[in-house]
Amino acid sequence: MALRDELLKSIWHAFTALDVDKSGKVSKSQLKVLSHNLCTVMKIPHDPVALEEHFKDDDEGPVSNQGYMPYLNKFILDKVTGNFDRQDFNKMCWTLSSRKNLDQSQLLISNDDAFKVWCIFNFLSEDRYPLTIVTEEIEYFLRKLTEAMGGSWVEERFEDYKLQLNSKQQSLNAWELIRLVGSGHFSKGMDRQTLSMGINEVYQELIMDVLKQGYMMKKGHKRKNWTERWFMLKPNSISYYVGEDLAEKKGDILLDGNCSVEPLQDKEGKKCLFLIKSSHKSFEISASDKKKKQEWIQAIQTCVSLLRQGRPAPHREARQKRREMRLKQQAEQEELELRMSELQTANEAKQLELENMRKALEEAAANAAEEERRRLQTQTELQDRYRTDLEREKMVRQQMEEQVAQKSTELEQYLQRVRELEDMYRQLEDALEDERRARQDEEAVRRLQARLLEEEAAKRAELEEFHLQQQRAISETEAEKKELEKERLAKESALQSAMKQLEQLEQERQGALEQYQTVIKKLEDATNNTKSWKHKVAEHEGMLRLIQPGSKGQQMITNWGPAAFSDAELSLRQKKWQEMKNQTTQAQ
């Protein structure tokens, strides 16, 4: 997150607090006070004339025409150098916004803890205004808070809360998050002091970039004595203080890509030694035990490695990855919705095409029935003219009627297949809801189905043409009937061949449907793998835990003060004192 974006979030809270009637307008006098305070805490020269000049055309009421953001960017944020106390800046913005939005009487946490939760909200919130924090970041914060308090995370309790949250909204604002933490809903069984310590530990890691802290012994550069100090590791430095209250800072160890850390052998009565080599000095450090020594060495090596690679702190990099993942999922969802809309439109067009095809088939059946009626009428008229060939004509007519009945049966079967095809497309419409990223495979199946339908339509036209030729053949003369008999046999053979081709087309269409089902199955497997991967990432992030500071070692109290010299020096002084005492006794 850039410095400007971090500052804008805090300023947005302060500006919103000044907008009493929530109209998006703040009076010029209030903006003057806000601008002066911002310049003071960020150590920027304040120019009140520039504000007057910027809003010179709007002196009669709240600032609305020019807008505050251009002035804020040009005269304040563009001049920020970063050499100011970020905590003082946040405190100022917090003071302005908390007066209006925070009810301290309903919280189990102090005002300082509420301020730290507010800062954590700004760190984890989305870069969209009004500022909100999504459920994924809420769970991340509550997990770290629970681990910092030494408790165990209850997944079921958060799932129940997430269901309640999703029924109303998908996120929380800063004050809702403070009320959630301050209500103690996710810290049951913990006292207020434990909750406060947990909030402070999460604040130290996420906001102050403290990766590790604790007591260790440090060897002096001039006096070469060992002194206990409170060390605090950040991504680019190690600061050491007199105590953990951070009241008196004794120095810094600046880290860069050329720094190194290596273990040392025990010497001078000190154990668990390691050496930090920076660009200017080397520091000998003594940890309380081997475990603490290894933890500090590993933590410092991690910081140096991040500096060499130019990467941010682990928690900041993890936050950026979570945001990129959410943006990617959002883009995929939008693309999927667009794809579903296109498929819905194509399906409606296909349904219209099938309806037109069904109507055309019904008209063809009606025309066939009318043609059959005309054929029977013509046959009756020919019966009077050709009495001598009555038996022969009757036989021919019976054969033709059987063929017509067979054709009618085939036509009914074809209509039944068309209805089944309509049912299939209705099922296809339901299956479209589960389709994901199978664009190429689905389009190939559609082209195959279109080709099959075209070939099927061509075969149907060919069958109708055969039928019309047979009907016209009835009206021919007796001499032509012999020729008709031969042609009929040839056409029946062609008709059977056409039926076989139609069945083959039907089998190809079934194969295309099976191929489509295979594509749908692959898509479901890919979706399940994605969900499993997300779950693993969430579990992996849940395993992260900040290393706790170690406890103090037992201090030695002497006449010269606490821990004034080592055990070896104390033994040497006792030996000298005993020798002096013996010499005095002998002299007496």
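For the structure, see preceding data.
Below: a short report on this structure. All residue numbers here refer to positions counted from 1 along the written sequence of the relevant chain. Totals for whole chains, interfaces and linings use every residue, but because this is a predicted model, local features are given only for residues with pLDDT of at least 70 and side-chain atom pairs only at 80 or more, for both listing and counting. For side-chain calculations, the full set of non-hydrogen atoms in the structure is used, while hydrogens and water are omitted.

1. A closer look at the packing of helix α1 (residues 3–18) against helix α5 (residues 86–101)
The packing of two helices is summarised by the inter-axis angle and the distance between the axes.
Okay, so step 1: Fitted lines through C-alpha atoms serve as axes, helices being fitted only where they are in contact, and the angles separating the N-to-C directions of these axes extend from 0 to 180 degrees. Only DSSP runs of H or I with at least four residues qualify as helices, and only runs of E with at least two residues qualify as strands; both kinds are numbered from the N terminus onward. The geometry of α1 relative to α5 is characterised by a closest axis approach of 7 Å and an angle of 25° between their N-to-C directions. Taken together, the axes of α1 and α5 lie roughly parallel to each other. When the axes of α1 and α5 are compared, the crossing they make is left-handed. Judged by residue contacts, Leu3, Glu6, Leu7, Ser10, Ile11, His13, Ala14, Thr16 and Ala17 of α1 engage Arg86, Phe89, Asn90, Cys93, Leu96, Ser97 and Lys100 from α5. By definition in this entry, angles of less than 35 degrees are roughly parallel, angles greater than 145 are roughly antiparallel, angles of 65 to 115 are roughly perpendicular, and the rest are oblique. Put simply, a crossing is left-handed when the front helix is turned counterclockwise from the back one by less than a right angle, and right-handed when it is turned clockwise. Note on contacts: a residue pair qualifies if any of its non-hydrogen atoms lie within 4.5 Å across the two residues.

2. Looking at helix α2 (residues 28–41)
In an α-helix there are 3.6 residues to a turn, and that puts residues three or four apart on one side.
Okay, so step 1: How far a helix is expected to stretch is found by multiplying one less than its residue total by 1.5 Å. For α2, which comprises 14 residues, the first-to-last C-alpha distance of 20 Å matches the rise-based estimate of 20 Å (1.5 Å per residue) to within 8%.
Okay, so step 2: Note on exposure labels: buried denotes an accessible area under 20% of the residue type's maximum, exposed denotes more than 50%, and partly exposed covers the range between, all computed with a 1.4 Å probe on protein chains only. Along α2, the residues that are buried comprise Lys28, Leu31, Leu34, Ser35, Leu38, Cys39 and Val41.
Okay, so step 3: If you follow the buried residues of α2, they end up packed against α1, α3 (48–54), α4 (68–75) and α5.
Okay, so step 4: Positive phi appears at lysine 43, one or two residues downstream of α2, with a value of about 55°.

3. A short note on the nonpolar core
Okay, so step 1: Judged by nonpolar contacts, the single largest core of 67 residues is most densely connected at Leu38, Met42, Tyr68, Phe141 and Ile178.
Okay, so step 2: Here the element with the most residues in this core is helix α6 (residues 111–124); it accounts for nine residues.
Okay, so step 3: Residues within four places of leucine 38 in sequence aside, it is in contact with Ile11, Tyr68, Leu72, Ile76, Phe89, Met92 and Cys93.
Okay, so step 4: Note on terminology: a nonpolar core comprises buried Ala, Val, Leu, Ile, Met, Phe, Trp, Tyr and Cys residues joined through side-chain atoms within 4.5 Å. Grouped together as the second largest cluster of nonpolar side chains are 22 residues, Met216, Phe274, Ala299 and Cys303 included.

4. Structural notes on the pairing of strand β9 (residues 282–286)
Okay, so step 1: For β9, the tally of buried residues reaches four of five residues, placing the bulk of the element in the interior.
Okay, so step 2: Of the strand pairs in this sheet, strand β3 (residues 212–219) and β9 are connected by two bridges, and their pairing is antiparallel. Within β9, the position partnered with methionine 217 by the bridge is serine 286.
Okay, so step 3: The pairing of strand β8 (residues 273–277) with β9 spans five bridges and is antiparallel. The partner of leucine 273 across the bridge, within β9, is serine 286.
Okay, so step 4: The antiparallel pairing of β8 with β9 creates a hairpin that spans four residues between the two strands. In this description, strands pair whenever DSSP reports at least two bridges between them.

5. Some thoughts on the environment of glutamate 137
Okay, so step 1: Take glutamate 137: it is sitting in helix α7 (residues 135–148).
Okay, so step 2: C-alpha of glutamate 137 to C-alpha of glutamate 126: the two residues are 11 residues apart in sequence and 9.4 Å apart in space.
Okay, so step 3: Beyond its immediate chain neighbours, meaning those up to four positions away, glutamate 137 contacts Leu124, Glu126, Arg322 and Arg326.

6. What about the sheet that holds β3?
Okay, so step 1: One open sheet holds the seven strands; their spatial order is β6-β5-β4-β3-β9-β8-β7, and the pairing between them is antiparallel. Two strands in the sheet have a free side with no partner beyond their single neighbour: β6 (249–254) and β7 (260–263). When strand polarity is set aside, the average angle formed by the axes of neighbouring strands in this sheet is 35°.

7. A closer look at the side chain of asparagine 122
Okay, so step 1: Along the polypeptide, asparagine 122 turns up in helix α6.
Okay, so step 2: When its relative accessible area of 7% is taken as the criterion, asparagine 122 is described as buried.
Okay, so step 3: Of the polar contacts made by the side chain of asparagine 122, one reaches the side chain of histidine 13; its length is 2.9 Å. Here a polar contact is taken to be a pair of N or O atoms separated by no more than 3.5 Å, where protein atoms must pair a possible hydrogen donor with a possible acceptor and residues adjacent in sequence count only if both atoms sit in side chains.

8. Side note on the packing of α7 against helix α10 (residues 192–206)
Okay, so step 1: Contact pair α7 / α10: the axes reach a minimum separation of 8 Å and the direction vectors enclose 120°. When the axes of α7 and α10 are compared, the pair comes out oblique. Handedness of the α7/α10 crossing: right-handed. Residue-level contacts link Tyr140, Phe141, Lys144, Leu145 and Ala148 of α7 to Leu195, Gly198, Ile199, Glu201, Val202, Glu205 and Leu206 of α10.
Okay, so step 2: Residue classes in the contact of α7 with α10 are distributed as eight nonpolar, one polar and three charged. Under the scheme applied here, ten amino acids are nonpolar (Ala, Val, Leu, Ile, Met, Phe, Trp, Tyr, Cys and Pro), four are charged (Asp, Glu, Lys and Arg), and all others, including Gly, are polar.

Purely geometric numbers; function is a separate question.
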